[in-house]
Amino acid sequence: MKATAVAHANIALVKYWGKRDDALLLPEAGSLSVALDRLLTTTTVELGAPEDSLRIDGRAAGAAELVRARAVLDAAGVREPARIVSRNDFPTAAGLASSASGFAALAVAACAAAGQERSQRELSALARLGSGSAARSVPGGWAVWEEGDAEQVASADHLPLRLVVAVCGEGAKPVGSRDGMKRSRDTSPYHAAWIAQCRRDLPDALRLLRARDLPALGALAERNALRMHADALAADPPLLYWQPATVGCLHALRRLREQGTGVWATIDAGPHLVALCAPEAAERVEAALRSVAGVRDALVCAPAGGAHVVDQSLHARPL
Ligand code: PMV
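Please read these numbers as outputs of a predicted model, since none were measured by experiment.

Novice: What's the story with the overall build of the protein in this structure? I'm lost.
Specialist: Looking only at helices and strands, the protein has nine helices and 14 strands in total. Its C-alpha atoms give the protein principal-axis dimensions of roughly 70 × 40 × 35 Å. Taken over 319 residues, the protein has a buried fraction of 54%. Partitioning the contacts of the protein with sequence separation of at least 6, the portion at a separation of at least 24 is 76%. Positive and negative side-chain charges of the protein, numbering 36 and 35 respectively, have mean locations separated by a distance of 2 Å.

Here you go:
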């Protein structure tokens, strides 16, 4: 009645920013992501506890997180109270905690603890109910999420790639992605254009991924991220997720490009920037990002695989 699973965080190159169904967490447009090897969450679920509990990195989680975790368990048909212990194995503690890897690991561990055998697509759909982007951390690799679940469209080794995460701030972001995307959808005059853009970007990105065309795919990802932030900035009240270091990193990458290094940026709903480049450029990119004022750390990641069970012990319950 106890199982442990691991899952990697993912970064989207075509981003999910807008729901067509707030209750079911269904996206307005499809998204494409790649999983990050060094951003790993390990979650243990033990069933038959006196009551639900959730600890993340040694601390009791807030009520809202517990409600979301319970929503995933309920959808999986796991009614018994669960003791959930989750650890983010991130080399830096500066606000990189990821709901995507957390809910992916939770869905996989909870079903394993309950002795359920579920397909990857079912597990992805369950993870989605915790956090939309978690649907993509279940298959891992290069994953596309368009409807209820995400699927892997290319394996982690399909394209030689490094993702350099520049840590540009710390602490929780002022407005979480759930509220941020709702505000953008409901108040930003650019939102419809943003969604139309994503619907064009996804097939283009998939074509470029198949062709292993990193320069064109990287440029598309950077445009897509900046357009998502344009939508967020145009919300009322405006959503400004960047810190000065974020902008410093964008300029640093521009300078590297002018000097001939192929490197492109993407930024989620927070201050951190993720630079995409070929493996041989990673050291140069890491050094450039570390030298930007306000950058606290830089972490070179490679693409990773999907969520999976690492330990499972099913005991018959005592009478
Ligand atoms: O899954 P959520 O609710 O944390 O939303 C993720 C939103 C972005 O990270 C900004 C984009 C994405 O596709 O991951």
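Novice: Is there a simple way to think about the site of the ligand in this case?
Specialist: In the vicinity of the ligand lie 14 residues, with Y16, S131, S133, R136 and S177 positioned nearest. Side-chain polar atom of R136 to an oxygen atom of the ligand: 2.7 Å apart, as the coordinates give it. At 3.3 Å from an oxygen atom of the ligand is found a side-chain nitrogen or oxygen belonging to D268. For the ligand, the accessible surface in isolation is 380 Å², of which the surrounding protein chains cover 92%.

Novice: Teacher, can you tell me more about the pairing of strand β4 (residues 31-47) here?
Specialist: Looking down a regular strand, the side chains alternate between one sheet face and the other. For β4, the buried fraction is high: 14 of the 17 residues fall into the buried class. Bridge analysis of strand β1 (residues 2-14) against β4 gives 11 bridges, and the strand direction is antiparallel. For A7, the partnering residue across the bridge sits in β4 and is T41. Relative to strand β8 (residues 142-145), β4 is paired through four bridges, and the arrangement is antiparallel. For L32, the partnering residue across the bridge sits in β8 and is V144. Inspection of the sheet shows β4 paired to strand β7 (residues 82-88) by seven bridges, in the antiparallel sense.

Novice: Just checking my understanding: could you explain helix α6 (residues 191-210) for this structure?
Specialist: Because an α-helix completes one turn every 3.6 residues, residues spaced three or four positions apart along the sequence face the same direction. Along its 20 residues, α6 runs 29 Å from first to last C-alpha, staying within 8% of the 28 Å computed at 1.5 Å per residue. Its axis deflected by about 25 degrees at D201, α6 carries its strongest bend there, up to four residues before the proline P203. Just downstream of α6, R212 is the residue with a positive phi angle, here 55 degrees.

Novice: Got a minute to help me understand the packing of aromatic side chains in this structure?
Specialist: One pair of aromatic rings is described through two measures. These are the centre distance and the angle between the planes. For the structure on display, the rule yields two aromatic pairs. Geometrically, the ring pair formed by Y16 and W145 is edge-to-face, given 4.6 Å between the ring centres and 70 degrees between the ring planes. Of the two residues, Y16 sits in the loop between β1 and β2 (19-21) while W145 sits in strand β8, which places them 129 residues apart along the sequence. Ring centres of W17 and Y241 lie 6.1 Å apart, and the angle between their planes is 90 degrees; on these two criteria the pair is classed as edge-to-face. Linking W17 in the loop between β1 and β2 with Y241 in the loop between α7 (214-233) and α8 (244-258), this pair joins segments that are 224 residues apart in sequence. The class of W17 is buried, set by a relative accessible area of 3%.

Novice: How do you make sense of the state of the cysteines when you look at a structure like this?
Specialist: Each disulfide consists of one covalent bond between the sulfur atoms belonging to two cysteines. Scanning the entire structure with this criterion turns up zero disulfides. Not part of a disulfide, C168 finds its nearest cysteine sulfur in C249, a span of 3.9 Å.

Novice: Just to check I follow, could you spell out the pattern of salt bridges for this structure?
Specialist: Pairing of side chains with opposite charge becomes possible as their charged atoms draw close. Summed over all chains, the structure comprises 17 salt bridges. Note that R121 is salt-bridged to E151, the shortest N-O span being 3.4 Å. Within this pair, whereas R121 is found in helix α3 (residues 120-128), its partner E151 is found in strand β9 (residues 150-154), the two being separated by 30 residues in sequence. The class for R121 is partly exposed, based on a relative accessible area of 43%. A residue is classified by how much of its surface remains accessible, and E151, at 39% relative accessible area, is partly exposed. Residue D186 pairs with R185 through a salt bridge whose shortest N-O separation is 3.0 Å.

Calculation notes
Residues numbered from 1 in each chain as written. Predicted model: local features only at pLDDT ≥ 70, side-chain atom pairs only at ≥ 80, totals over all residues. Heavy atoms only, no water. Helix = DSSP H or I, 4+ residues; strand = E, 2+ residues; numbered from the N terminus. Buried < 20%, exposed > 50% of the residue type's maximum accessible area, 1.4 Å probe, protein only. Contact = heavy atoms within 4.5 Å. Lys, Arg positive; Asp, Glu negative; His and termini not counted. Charge placed at Lys NZ, Arg CZ, Asp CG, Glu CD. Near = heavy atom within 4 Å. Polar contact = N/O pair within 3.5 Å; in protein donor to acceptor, adjacent residues only side chain to side chain. Areas by Shrake-Rupley, 256 points an atom, 1.4 Å probe, with all protein chains shown as cover. Pairing = 2+ DSSP bridges. Expected span 1.5 Å × (residues − 1). Bend = angle between axes of the 7 residues up to and from the residue. Phe/Tyr/Trp six-rings, centres within 6.5 Å; stacked < 30°, edge-to-face > 60°. Disulfide = S-S within 2.5 Å. Salt bridge = Lys/Arg side-chain N within 4 Å of Asp/Glu carboxyl O.

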